[in-house]
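The lines below spell out each chain.
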Amino acid sequence: MKIIYNAILLDESMRMRGAIVLEKKKIVRVLKGNFKTESAVLEAAKAACDKKVFSERSISQIKFINANGLTLAPAFIDMHAHFRYPGLTQKEDLQSALNAAEAGGFGTLVLMPNTNPVVSSKELAIKIDAEAASQKKSQVFQTVSITKDFDGATLSHLDSLERKSTPVISEDGRDVESAAVMLEAMRIAAKKGLIVACHSEDCALAIKAKFYRNKALEIIANHNMNIQDLSQICDKKNQISKKIPKLAINEAKKNIFIANSILELAEDIATERNIAIAKKANCKIHICHVSTKNSIEAVRRAKKNIANLKGETASEKSQFQITCEITPHHLGLTGTSGKGIFEFVNPPLRSEEDRAALIQALRDGTADVIATDHAPHTTCDKAVGAPGFSGLETAYAFCHTILVEQENFTEQKLSQLMSANPARILGLKKGLLKEGYDADLVLLDPQEKWKVRSQEFLSKGKATPLEEKILTGRVKRILFCGK
């Protein structure tokens, strides 16, 4: 038995001083009160719990943990992370990723299948889950690709999947090009109760956008620079003028703007398409990394339609549901000016109008969760334009800074977005400080200010657009990660 005391207890519905009694990796009791000593919390626990729980022998074996006034919350759940395992361990490996997850306060993570080889079988997914479990850190759920090896056509491997071991399938990194194939995949998923996580991006438009991105990279390379160099010094005009002419910078920007505009259209078209297919297939879908005002409006309309139709189809049980996620970087950064233009990620950083729409969607419940899309790369890969950032170790602090400090979200709302809601979507008994729930917990200091230094990341991926930024809120320790 363990008792954590002298804490501020926080989840989506509470923020109060108290303590938590844990037994066999479950929450046994939640105690309200300002318990600053072991004797005080022990007396409260004995009064609240079954007397059999507190024999003389068990009392001597209790481990007391003094939270020292820190905030104790459910560990975070990330519905979208890339561990690069197997096959891409130069970018990240299982150990480094789990260490980064622990440092970021994540007790559960859903892993994407764009590895080498692509995770396209139940057996490989279960193997990865088991290897992660053996490290006794965060729990992972490895997704399986929608089409076998991302071939865009083959679905036979989905027949063996079970929701208990593989609750989510995804083609992340791309979309399924054929609407007919996606429809059949969603029908299979609906029969099995699986969630289809959609990287909504029209494939033909994505290819066209890549052409313009590559043109920008070529312009920069012609001046013996790379995209990372430019993103780091683009605000220091005197340095830029010495290394690359303003005309070349403007030409590179022009091509990036064109690419980003095409990718905006690609996301909006594919979001509408995937929602329509899911409705036809009677399937649960989760829209990954929504980044545009139009796409979040499409989700809002669809959710309203679902709500309006409830009760009208009593003869047919409807499974059609939509959830969606927003990343920390799309909440806090824009890509139309300054260094944000040169920070390559998919989907791209958007306009201030888009950013405001995403924040409003989190505020009013249209958007369900915050997910990192942790995408570690080597320095060399980032230099030549690989899209994505390492986000596990900064997610809580950045979201706390943007949403709580600047946008007046409550700490309870942030806990809902990072813990309770993703647990509900995945059907897990996690994400709340509630009796019977898993004791996946994190100690936080919401007031601590700290500077992001990527070289201190435990992740192998050091690329972040937050380098040297001062953030408010820090993960201090993760406890009892459900193992």
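Residues numbered from 1 in each chain as written. Predicted model: local features only at pLDDT ≥ 70, side-chain atom pairs only at ≥ 80, totals over all residues. Heavy atoms only, no water.

Digging into the sheet that holds strand E12 (residues 321-326)
- Spatially, five strands are ordered E9-E10-E11-E12-E13 in an open sheet, and the strand pairing comes out parallel. Among the strands making up the open sheet, the edge pair consists of strand E9 (168-170) and strand E13 (369-370).
- In this structure, strand E11 (residues 284-287) lies alongside E12, joined through four bridges in parallel fashion. In the strand pairing of E12, Lys284 is matched with Gln321.
- Along the sheet face, helix H5 (residues 179-192) touches E9, strand E10 (195-198) and E11 and points at about 145° away from the line of E10. (Pairing = 2+ DSSP bridges. Helix = DSSP H or I, 4+ residues; strand = E, 2+ residues; numbered from the N terminus. Contact = heavy atoms within 4.5 Å. Axes fitted to C-alpha atoms, helices over the stretch in contact; angles between N-to-C directions.)

What about the pattern of salt bridges?
- A full pass over the atoms with the stated rule returns 23 salt bridges.
- As a salt-bridge pair, Glu353 and Lys293 come within 3.0 Å of each other at their nearest N and O atoms. A residue pair is termed long-range when its members are at least 10 positions apart, and Glu353 in helix H12 (residues 352-364) and Lys293 in helix H10 (residues 293-309) qualify at 60 residues.
- Residue class for Glu353 comes out exposed when judged on its relative accessible area of 53%. (Salt bridge = Lys/Arg side-chain N within 4 Å of Asp/Glu carboxyl O. Buried < 20%, exposed > 50% of the residue type's maximum accessible area, 1.4 Å probe, protein only.)

Some details on the pairing of E10
- Neither face of E10 is exposed, since Ile195 and Ala197 on one face and Val196 and Cys198 on the opposite face are all buried.
- Pairing analysis gives three bridges linking E9 to E10, with the strands arranged parallel. Bridging across to E10, Ser170 finds its partner in Ala197.
- Between E9 and its parallel partner E10, the chain crosses via H5, and the hand of that crossover is right-handed. (Right-handed = clockwise from strand over helix to strand, strands pointing away.)

Observations concerning unusual backbone geometry
- Looking along the chain, the bond that leaves Tyr85 and enters Pro86 is cis, with omega of 10°.
- The topology assignment puts Pro86 in the loop between strand E6 (76-81) and helix H3 (94-104).
- In this model, Asn116 is joined to Pro117 through a cis peptide bond whose omega is 10°.
- Along the chain, Pro117 turns up in the loop between strand E7 (106-111) and helix H4 (122-134).
- You will see that Asn224, though not glycine, has its phi angle at about 55°, which is positive.
- Within the secondary structure, Asn224 is located in the loop between helix H6 (203-221) and helix H7 (227-233).
- Positive phi, close to 30°, is recorded for His289, a residue that is not glycine.

So, the nonpolar core
- Counting 86 residues, the largest nonpolar core has Phe83, Met186, Ile285 and Leu403 as the members making the most contacts within it.
- Beyond its immediate sequence surroundings of up to four residues, Ile285 is in contact with Met186, Ile195, Val196, Cys198, Asn274, Ile275, Ala278, Gln321, Ile322 and Thr323.
- Within the second largest apolar cluster, 19 residues are counted, among which are Ile4, Met14, Leu22 and Tyr437. (Core = buried A, V, L, I, M, F, W, Y, C linked by side-chain atoms within 4.5 Å.)

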